[in-house]
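Here is what each chain is made of, one letter per residue.
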Amino acid sequence: MKKETRLEPPDGGWGILVCVGMAMPFVSGLGALPSFGLVFGDFLKSIGAETSAIAFITSAFFCAFSFAGLFSGSLFNRFSVRAIGLSGGILFFAGCLMQIFVRSTWDLLIAFSLIQGIGFGLIVPTSYTTFNNYFVKKRVMWMSFAQSLIGLGTMFYPVLMQKCLEWYGFRGCLAILAAINFHAVLGMLLMQPVEWHMRRVPIDNQEMMENTKSMQPVVTDNTQEDPNFLSPLTYSRKSSQKLSRENLRKLSSRSSSIASLGNWSGPVVVSDASPQMVNVLGSRRHSAAISNKSMPTSVHEEPKRSVWNIIVDFLDLTLMKKPIYVNIVLGISFALYSDIAFFTLQPLYMFHLGFDKPDTANIIAIGAAADLGSRVFLAFLAMFVQMPSRYIYLAGAFFTVISRFVFLTAFDFKGMAIITAVMGFLRTWIHVPLPLVFAEYLPKDRFATGYGLFMFLQGNIMFIIGPAVGYLRDRTQDYVLTFHCLNFFMALCAVPWILEIIFVKFRRRTKIGSVNEPK
């Protein structure tokens, strides 16, 4: 008798090369912005641009990056993910190649901000979408591995750029940088479709019985399902059946942990979505089924849609109606801005306190080393402890708020080094789980559009609040007040998320209690 088998993602194998391919362009893209002034400072000074031009060029880079991310999900639906990633890698390399011949600020704006920004904006969602497809049970561990490679590369990136400027001059340094950035194309070539590397796993008798039990029809609250309508939790070639409330709760609890996301079990696939998103998909598809039933069968022409409806469907803007998604996007956007701005101002604050350059450099290096060590620690921790990525992110934001209050009480080298190491260690918890937070909440087919929409909103939020905080700092000349303002933005991530968890848990217990009450 032939034994039944099922296909599942490799959770390793070629996925390890996907991690390496993701690290290649990320090192160049994330390392280029902090080193931009180092590489182009003297050139901009020679043409009379300097500081204002750097701020404008980097802001334009984020703008192009955000818009490219916004359209990436829709492009994935029309072309392959790998093709879009390769296009981004080629644009990223072409923009760097054009920088060798720049003569003015406008040349740099086109080459770096526009072309490289669009290229990197296509690379990021491609990398995270491919990673999300390859890993199910070991996402945190392998994401920490990839982020460790990125952190290691970005640590040495400024040193390499400084040496290249000394040895080969400005144009020679840009030529070497273009050769390094060509690895973005090689990295995107490694983003092979997961279907090429799926592994067959035998199904034992117990698992077959569990699958049989799970193939019961699904019912959403206060709705009457169409018998031919496929539920968001199960997929079968036969007509969709209805799940009991007990099985729905079991599947919801399974999808809430990192290790259980997207478990592919033969003909039945558990969706890569949180319980809240499952309800959203159910109601969305149910309404679509009802509308299809209400249409006359004799009419074959599709109803005309407005331009706004076409844009909403193209960009999947219906996600903005989901309070949990909006809470995730706003929280992460505020936390990222707070993190970037804080560590940008920290050296200036230390100079203000009287620290010299060697001590400041040593303290910053200690924070970077703690960040790298935390990435390795998180990778090993994920091998033994399974925790939702959003909880990891929430813990990082919460303890960062506390550590920054302690930071403002440190005035000597030892105290500043210790608290900087603590903040560097916590910084990993904000950066590493970021894409996994969206992978847990969104189903796989909406991950690319959902993450691209986040990129667009995040870029615009940073573009709006960045100048406001800068104006506050210039107007008051008070670093402590500015740091409190940045800490407030970090708290805008932690506090609403905690309130959401309390509200959702309470509502869920109330619903379960009402179901269990005897009639």
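Scoring rules and cut-offs
Residues numbered from 1 in each chain as written. Predicted model: local features only at pLDDT ≥ 70, side-chain atom pairs only at ≥ 80, totals over all residues. Heavy atoms only, no water. Buried < 20%, exposed > 50% of the residue type's maximum accessible area, 1.4 Å probe, protein only. Helix = DSSP H or I, 4+ residues; strand = E, 2+ residues; numbered from the N terminus. Pairing = 2+ DSSP bridges. Salt bridge = Lys/Arg side-chain N within 4 Å of Asp/Glu carboxyl O. pLDDT = per-residue confidence, 0-100. Contact = heavy atoms within 4.5 Å. 1 Å grid on protein atoms, 1.4 Å probe; cavity = no way out; pocket = protein on both sides within 12 Å on 5 of 7 lines; lining within 4 Å. Points joined across faces, edges and corners; volume = space filled by probe spheres on them. Nonpolar A, V, L, I, M, F, W, Y, C, P; charged D, E, K, R; others polar. Disulfide = S-S within 2.5 Å. Phe/Tyr/Trp six-rings, centres within 6.5 Å; stacked < 30°, edge-to-face > 60°. Lys NZ or Arg CZ within 6 Å of the ring centre and 35° of its normal. Core = buried A, V, L, I, M, F, W, Y, C linked by side-chain atoms within 4.5 Å. Domains from an automatic or database assignment. Polar contact = N/O pair within 3.5 Å; in protein donor to acceptor, adjacent residues only side chain to side chain.

Visitor: Could you clarify how one ought to interpret the pairing of strand β1 (residues 5–8) in this entry?
Guide: Within a regular strand, the side chains alternate between the two sheet faces. Residues of β1 alternate between two faces, with Arg6 and Glu8 buried on one and Thr5 and Leu7 left unburied on the opposite face. Bridge count between β1 and strand β2 (residues 199–202): four bridges; the pairing is antiparallel. When the sheet's bridge partners are listed, arginine 6 is paired in β2 with valine 201.

Visitor: Explain the pattern of salt bridges here, please?
Guide: Opposite charge on two side chains lets them pair, provided their charged atoms get close. Scanning all chains against the criterion turns up three salt bridges. Note that arginine 427 is salt-bridged to aspartate 339, the shortest N-O span being 2.8 Å. Taken as a pair, arginine 427 in helix α15 (residues 413–431) and aspartate 339 in helix α12 (residues 323–353) lie far apart in primary sequence, 88 residues in all. According to the relative accessible area criterion, arginine 427 is partly exposed, its value standing at 22%. Put simply, glutamate 500 and arginine 390 hold a salt bridge, and the shortest N to O gap is 2.6 Å. Of this pair, glutamate 500 sits in helix α18 (residues 479–516) while arginine 390 sits in helix α14 (residues 389–407); the two residues are 110 residues apart in sequence, bridging distant segments of the chain. For arginine 390, a relative accessible area of 14% puts it in the buried group.

Visitor: Teacher, can you tell me more about the confidence of the model for the protein chain here?
Guide: Detailed reading of the predicted model is not advised wherever pLDDT is low. Per-residue pLDDT for the protein chain averages 75, and the proportion of residues at 70 or more is 76%. Taken element by element, the predicted model of the protein chain shows its lowest mean pLDDT in strand β3 (residues 264–265) (30) and its highest in α14 (92). For residues 216–273, every residue scores under 50 in pLDDT, and the model assigns this stretch 133 contacts once sequence neighbours within four places are set aside. Confidence drops under pLDDT 50 across residues 283–299; counting only partners more than four residues distant or on other chains, this segment forms 16 contacts.

Visitor: It is not clear to me how empty space enclosed by the protein should be interpreted in this structure. Could you clarify?
Guide: Rolled over the atoms, a probe with the dimensions of a water molecule shows which regions are left empty. Taken as a whole and assessed by the stated rule, the structure comprises five cavities of 30 Å³ or more. Contributing to the lining of the second largest cavity are Ala32, Ser35, Phe36, Val39, Phe40, Cys96, Gln99, Phe112, Gln116, Tyr157, Leu177 and Asn181. Looking at the lining of the second largest cavity, its residues break down into eight nonpolar, four polar and no charged.

Visitor: Hey, could you run me through the environment of glycine 169 in this one?
Guide: Assignment of secondary structure puts glycine 169 in helix α6 (residues 139–181). By relative accessible area, which is 24% here, glycine 169 ends up partly exposed. Sequence-wise, glycine 169 and valine 39 are 130 residues apart; in three dimensions their C-alpha atoms are separated by 9.9 Å.

Visitor: How do you make sense of the state of the cysteines when you look at a structure like this?
Guide: In a disulfide, the sulfur atoms of two cysteines are held together by a covalent bond. Under the defined criterion, the tally for this structure stands at zero disulfides. For the unlinked cysteine cysteine 164, the closest cysteine sulfur is that of cysteine 173, found at 5.0 Å. By relative accessible area, cysteine 164 is classed as buried at 4%.

Visitor: Got a minute to help me understand the packing of aromatic side chains in this structure?
Guide: Where two aromatic rings form a pair, the distance of their centres and the angle of their planes describe that pair. Counted under the stated rule, the structure contains 32 aromatic pairs. Where tyrosine 337 meets phenylalanine 489, the ring centres are 6.0 Å apart and the plane angle is 90°; that geometry is what we call edge-to-face. Residue tyrosine 337 is located in helix α12, and its partner phenylalanine 489 is located in helix α18; the two are separated by 152 residues in the primary sequence. Classification of tyrosine 337 as buried rests on a relative accessible area of 8%. Among the residues examined, phenylalanine 489 registers a relative accessible area of 11% and is labelled buried. Put simply, the rings of Phe26, Phe61, Phe65, Phe92, Phe112, Phe120, Tyr128, Tyr325, Phe438, Phe447, Tyr451 and Phe454 pair up and form one aromatic cluster. Here arginine 404 stacks its cationic end above the ring of phenylalanine 342, 4.3 Å away from the centre of that ring.

Visitor: Is there a simple way to think about helix α16 (residues 434–441) in this case?
Guide: Given 3.6 residues per turn, any residue in an α-helix points the same way as the ones three and four places further on. The buried count for α16 comes to eight of eight residues, which makes it a mostly enclosed element. Taken residue by residue, α16 has Leu434, Pro435, Leu436, Val437, Phe438, Ala439, Glu440 and Tyr441 as its buried positions.

Visitor: Would you mind showing me how to read the nonpolar core here?
Guide: Nonpolar side chains tend to gather and get buried jointly when the protein is soluble and globular. Ranked by size, the top nonpolar core spans 88 residues in total, and within it Phe40, Tyr325, Ile332, Tyr393, Phe438, Tyr451 and Phe454 carry the most contacts. When residues of this core are assigned to domains, at least three map to each of domain 1 (1–205) and domain 2 (317–509). Leaving out residues up to four positions away in the same chain, tyrosine 325 has contacts with Leu319, Met320, Phe438, Tyr441, Leu442, Gly450, Leu453 and Phe454. One finds Phe334, Phe342, Phe343 and Phe355 within the second-largest nonpolar core, a separate group that totals 25 residues.

Visitor: Quick question: what am I supposed to make of the side chain of glutamine 116 here?
Guide: Within the element layout of this structure, glutamine 116 appears in helix α5 (residues 105–134). Classification of glutamine 116 as buried rests on a relative accessible area of 4%. A distance of 2.5 Å separates polar atoms of two side chains, one belonging to glutamine 116 and the other to glutamine 99. When neighbours within four sequence positions are excluded, glutamine 116 is seen to be in contact with Phe61, Leu91, Phe92, Gly95, Cys96, Gln99, Ala111 and Asn181.

Visitor: Looking at this model, I keep getting lost on the environment of glutamate 8. Mind explaining?
Guide: Here glutamate 8 is to be found in strand β1. Each C-alpha atom, one on glutamate 8 and one on phenylalanine 135, is 9.6 Å from the other, the two residues being 127 residues apart in sequence.

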